[in-house]
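Survey of secondary and tertiary structure
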There are 2 protein chains.
Amino acid sequence: MRILDKNDIQNNFDFDKAVEAIRMAYISASTDNASIAPVGHLSFPDNNGDCHIKSGHIKGDDFFVIKIATGFYDNPSLGRPSSNGVMVVFSATSGEPVALLKDEGWLTDMRTGIGGAITTIELAPNNAKNVLLIGTGLQCRFQADCLSRLSPDIYQYSVWGRSLRNAKKACEDLSSKGLDIKPATDLEEGVKKADIIITTTPSTEHIVRNSWVSASTHITAIGADSLGKQELDTDLLHRADLLVSDLNSQSLDHGEFQSIKETRSALSPIEIGNIFNKTEGGRLSEESVTIADLTGIAPQDIAISGTVLL
Amino acid sequence: MRILDKNDIQNNFDFDKAVEAIRMAYISASTDNASIAPVGHLSFPDNNGDCHIKSGHIKGDDFFVIKIATGFYDNPSLGRPSSNGVMVVFSATSGEPVALLKDEGWLTDMRTGIGGAITTIELAPNNAKNVLLIGTGLQCRFQADCLSRLSPDIYQYSVWGRSLRNAKKACEDLSSKGLDIKPATDLEEGVKKADIIITTTPSTEHIVRNSWVSASTHITAIGADSLGKQELDTDLLHRADLLVSDLNSQSLDHGEFQSIKETRSALSPIEIGNIFNKTEGGRLSEESVTIADLTGIAPQDIAISGTVLL
């Protein structure tokens, strides 16, 4: 059984291979080619913590993966990161444990970054130029970095956050990777100018207002991943010409679209796997407003683990 | 993060500490002191395999445990064991991974042996002398060895199996540990003489008939752990003066008592944790027939992992 720590994992990592694997993971999830166990959950109320267990297998893959992710939200006050976890990889032909990936959450961050970037590229208007990142944390960096690696020298980036200082810090980090990027001081103005908006906040109230969003815009919403989280105005969700999810069951249950499932009957977003697979269409016209909500799915974890092991 | 292999685990293992921990685990499970996630399940029909994920936390414990157990039933024909798996131990205060226990299933075998032995001792008639083991596999050995360590020099053991050769082999292995043990050639005669019967087979049809079982007998049934498995005659289950389980939800769903839940309305066995805790009584009289069905529960896994780490 191989034991890989974060450093080993980063050294073994092949970005292009991971991009292709994650595109296939979305297709598998939307075409019944993945078997996914329900998410297991344990809570630790005395220590403000929780644990999620995601597991699944993509048909035909040599491996299956159990991902155990913890969040203990008082850790930062003690100088420790709040997120942690491991992935355990098993042979799908013999049941033997093959590898322990002590990624400390890095593979999850990377698969989220890649999933966002390929979805954004798939759905963005052809003439898109201005990308606005809302939120200044780790996912702001992963989303922008992955998008820029896949579409180099095409976009101009700006970053808005509640703290201008944090937005400036994110710009410094991303410019050092070669991005054309600057902080946005006014959110409304930033949204009005943007052709692509990527939201990565843990907000529980909408940040992006419908009236600010121009025609010919694509939004990738990453932040909402549990009950009560919301980044986009419900009017904006109702107005969108196209709603896309990674997995409808998750998006409607605990993703961005939970906020409109009561008011929009028979809501059935198109799953991105079906767009990648060309069984569903994507953007309808250059003028459309498109919104993709990504909650993160087990097949992404399986796919990215596989690329580190091969 | 500590990585312990089977050898390390066996070297660190303290039997007496594990016995006490497992007794407390049963009590925790029956008194709402354990939080247990539903069992996760993945199947691999192309390779005749499955994977079960059990996880839970006993309130107040420093650790929580995720046990990943695989069974790939074509492995033996390729010279590999069918069972495998690991336990992953996390801190319940910080969410950090603490240890990987590569026990290859040994801790599960041992916690099952100890759970059976303490249940058998709790429910056996006072004057019990003859113990009949039905089944000749690993659990025959673990049940007899654990019982003998906890009640040395009290019982005379016999072993019955479909293969007399396998029964003889089990007797050789167990006599080398000091047990007074011999193979049983006739099942009916063996059951009639037995004061304690321990069944450890994967049978899907009853092996023990009601008419063979004398008054003043205790039966511990270990084998039935999934849909369709059954070791005891349903008439015998109906006749028993006391039915005991490790966890009623599991026993009625996929344990020995699944066979009578349709015919015995409002069936509610007594959980062994409540007997250990003295909130429920155990054996009613020396003449009673008592039956305990043990399906194996996550708190046993947590408890035994904890004793290896401390």
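The structure displayed is predicted, hence computed values, not measured ones. (Residues numbered from 1 in each chain as written. Chains lettered and ligands numbered in written order. Predicted model: local features only at pLDDT ≥ 70, side-chain atom pairs only at ≥ 80, totals over all residues. Heavy atoms only, no water.)

1. Considerations on the pattern of salt bridges
Residue and element names in this part refer to chain B. Here is the rule we go by: By convention in these notes, a salt bridge is any Lys or Arg side-chain nitrogen within 4 Å of a carboxyl oxygen on Asp or Glu. A run of DSSP states H or I qualifies as a helix once it reaches four residues; a run of E qualifies as a strand once it reaches two. Both are numbered from the N-terminal end. Partly exposed residues are those whose accessible area sits between 20% and 50% of the maximum for their type, while under 20% is buried and over 50% is exposed, using a 1.4 Å probe and protein chains only.
Counting across every chain of the model gives 18 salt bridges over all chains. Lys169 is the partner of Asp173 in a salt bridge, and the nearest nitrogen-oxygen pair spans 2.8 Å. Of this pair, Asp173 and Lys169 both sit in helix 5 (residues 164-175), 4 residues apart, roughly one helical turn. With relative accessibility at 25%, the residue Asp173 sits in the partly exposed group. Between Lys192 and Glu188 there is a salt bridge whose closest N-O contact spans 2.7 Å. Of this pair, Lys192 and Glu188 both sit in helix 6 (residues 187-193), separated by 4 residues, roughly a single helical turn. For Lys192, a relative accessible area of 42% puts it in the partly exposed group. Judged by its relative accessible area of 32%, Glu188 is partly exposed.

2. Regarding the sheet that holds strand 7 (residues 130-134) of chain B
All names here are of chain B. Note the threshold: Strands qualify as paired when DSSP identifies two bridges or more between them. Should any heavy atoms of two residues lie within 4.5 Å, those residues are counted as being in contact. Angles run from 0 to 180 degrees between N-to-C directions of axes, and those axes are lines fitted to C-alpha atoms, restricted for helices to the stretch in contact.
If you trace the 8 strands from one edge of the open sheet to the other, you get 9-8-7-10-11-14-12-13, paired in parallel fashion. For this open sheet the edge positions go to strand 9 (181-183) and strand 13 (270-271), each flanked by a neighbour on one side alone. Pairing analysis gives 4 bridges linking strand 10 (residues 196-199) to strand 11 (residues 217-221), with the strands arranged parallel. Bridged to Thr199 within strand 11 is Ala221. Along the sheet face, helix 5 touches strand 8 (156-160) and strand 9 and points at about 170 degrees away from the line of strand 9.

3. Quick notes on the relation of the copies chain A and chain B
Cut-off, in case you're wondering: In superposing the copies, a least-squares fit is computed on C-alpha atoms, taking residues whose pLDDT is at least 70 in both.
Superposing chain A onto chain B requires a rotation of 180 degrees together with a translation of 0.0 Å along the rotation axis, leaving an RMSD of 0.1 Å. One copy is carried onto the other by what is essentially a two-fold rotation axis. Across chain A, the rotation axis passes nearest the C-alpha of Gly40(A), at a separation of 3.5 Å. Residue by residue, 100% of the interface of chain A is reproduced at the interface of chain B, so both copies engage with the same surface.

4. A look at the domain arrangement of chain A
Residues and elements named next belong to chain A. Condition: Here the bounds of each domain stem from an automatic or database domain assignment. Two parts lose some accessible area (1.4 Å probe) when they are put together, and adding that loss for both gives the buried area. Nitrogen and oxygen atoms within 3.5 Å of one another constitute a polar contact, given that in protein one can donate a hydrogen and the other can accept it, and given that sequence-neighbouring residues count only through two side-chain atoms.
Parsing chain A into structural domains produces domain 1 (2-107 + 299-309) and domain 2 (115-297). If you average the C-alpha positions of domain 1 and of domain 2, the two centres end up 24 Å apart. Taken together, the contact between domain 1 and domain 2 spans 14 residues of the former and 19 residues of the latter. Summing both partners gives a buried area of about 1,500 Å² for domain 1 against domain 2, and 66% of it is carried by carbon and sulfur. In terms of surface lost to domain 2, no three residues of domain 1 exceed Phe15, Tyr26 and Ser30, which account for 41% of the buried area on that side. Run the count over domain 1 and domain 2 and you get 0 salt bridges. Summed over the shared surface of domain 1 and domain 2, the result is 3 residue pairs in polar contact (both at pLDDT 80 or more).

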